[in-house]
Each structure stands twice: as structure tokens, then as C-alpha cells.
Amino acid sequence: MLFRSVSHTFALEAERETRWSEDIVNPFSLGAITTRDRLVGRDEDLARLKGLVMAAQSTSVTGHKRVGKTSVVRVLLKSLPSETATGRRIALGRALSADPSASELVLALLMALHKAIALSWPHYVISEPDNTRFDRNFAQAADEWLTDVSDTLSDDKRVVLIIDDFDELPSV
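Residues numbered from 1 in each chain as written. Predicted model: local features only at pLDDT ≥ 70, side-chain atom pairs only at ≥ 80, totals over all residues. Heavy atoms only, no water.

A. Examining the side chain of T84 more closely. Along the chain, T84 turns up in the loop between α2 (69–79) and β4 (85–91). In this structure T84 comes out as buried when scored by relative accessible area, which is 19%. Leave out the neighbours within four places in its chain, and T84 touches M54, W121, D156, K157 and R158. (Helix = DSSP H or I, 4+ residues; strand = E, 2+ residues; numbered from the N terminus. Buried < 20%, exposed > 50% of the residue type's maximum accessible area, 1.4 Å probe, protein only. Contact = heavy atoms within 4.5 Å.)

Structure representation (C-alpha cells):
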């Protein structure tokens, strides 16, 4: 696994020495890992990733299938301090139609951001992205919506968007 950001690169090994014992819940079960206690051997990685996110660094988590990328980001989202940070994970394969347009992709990402903000901080009044404007000039509509959000939220707020199943990103 590899974390990348504007100013940091972290090389992470998928295989580690474990502290396995009969008392530990099997971390390799097929259920989703969403709590820190089931995320075996990733405390340092999670702390580094959380530090980057809270410092407003654009970061990517990459690696081979089944090494725990989605588990790490799920736990990250739950560990963010709710008064200053929120986030949403969007699985591209389930969020888009079979043949999505670029505007549909951008709108899906903005709607995920809107939902994260609305659920975490309902006192901020932010309108949903206007999908009728996305048919005409989605780049301009997205820029205007993001500017409105930025102007509305206080400077200490962090909104995290996690794009999962990135390999399913359509070539639009």
C-alpha cells in the first residue's frame, strides 16, 4: 500500500509480523472492518493518514487488492473529530450508471460531499448541487458550488471525499 500526498510519500508493506493470539478476532473475515480494534497492524498508518487529512493534504491510498485500503479509510472516517472534520466514501462501481458522462461523475462526487456536510453539520445551510446546471457546463457549476461551500464553512472544517473502487473510474 502507498499513501501519496502533495508533500509526502509513504511506502507501506502489505505483510507484517502479527501479534496473533486466540483472543484476537480474525481480521481476515469477510465482513467489513469499520473499527480500529479490528484493523490489525495499521495504527501508525492510520495516524499518519489522519494527520495528512487534518492538514488538508490531498492524499491517495493505493495498493494491491485485499491489503486493507478500504478498511483503513473506513476506520479513518470514523476517527475524524466530528466538530472539525467529516467525510464520505463513494464506491464508483455502485454510484454511477453503466455508461456515465463526465458530468454524472462530478455530480456524484459533489452529492457525496453535500451529504457528508448535511449529516455532520446541519446548521450550515448548503444547497444541493443543481443537476440541471450540470447538463450545460458542469465544470463551471461544480466550481461555483465548491466556492459556495468553501465560503460557507469555517476555515477549520475539513471535508474528506474518499473515492473507492478507483479502478472502476470510467474513461469519460
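B. Representation of the pattern of salt bridges. Under the counting rule described, the total for this entry stands at four salt bridges. Notably, a salt bridge pairs R36 with D43, separated by 3.6 Å at the nearest N-O pair. (Salt bridge = Lys/Arg side-chain N within 4 Å of Asp/Glu carboxyl O.)

C. How the structure looks around the packing of aromatic side chains. Counting across every chain of the model gives one aromatic pair. Aromatic pair W121 and Y124: ring centres 6.3 Å apart, planes at 75°, arrangement edge-to-face. Exposure remark for W121: the relative accessible area of 3% places this residue in the buried category. Of note, K157 hangs over the ring of W121, and the distance from its end group to the ring centre comes to 5.0 Å. (Phe/Tyr/Trp six-rings, centres within 6.5 Å; stacked < 30°, edge-to-face > 60°. Lys NZ or Arg CZ within 6 Å of the ring centre and 35° of its normal.)

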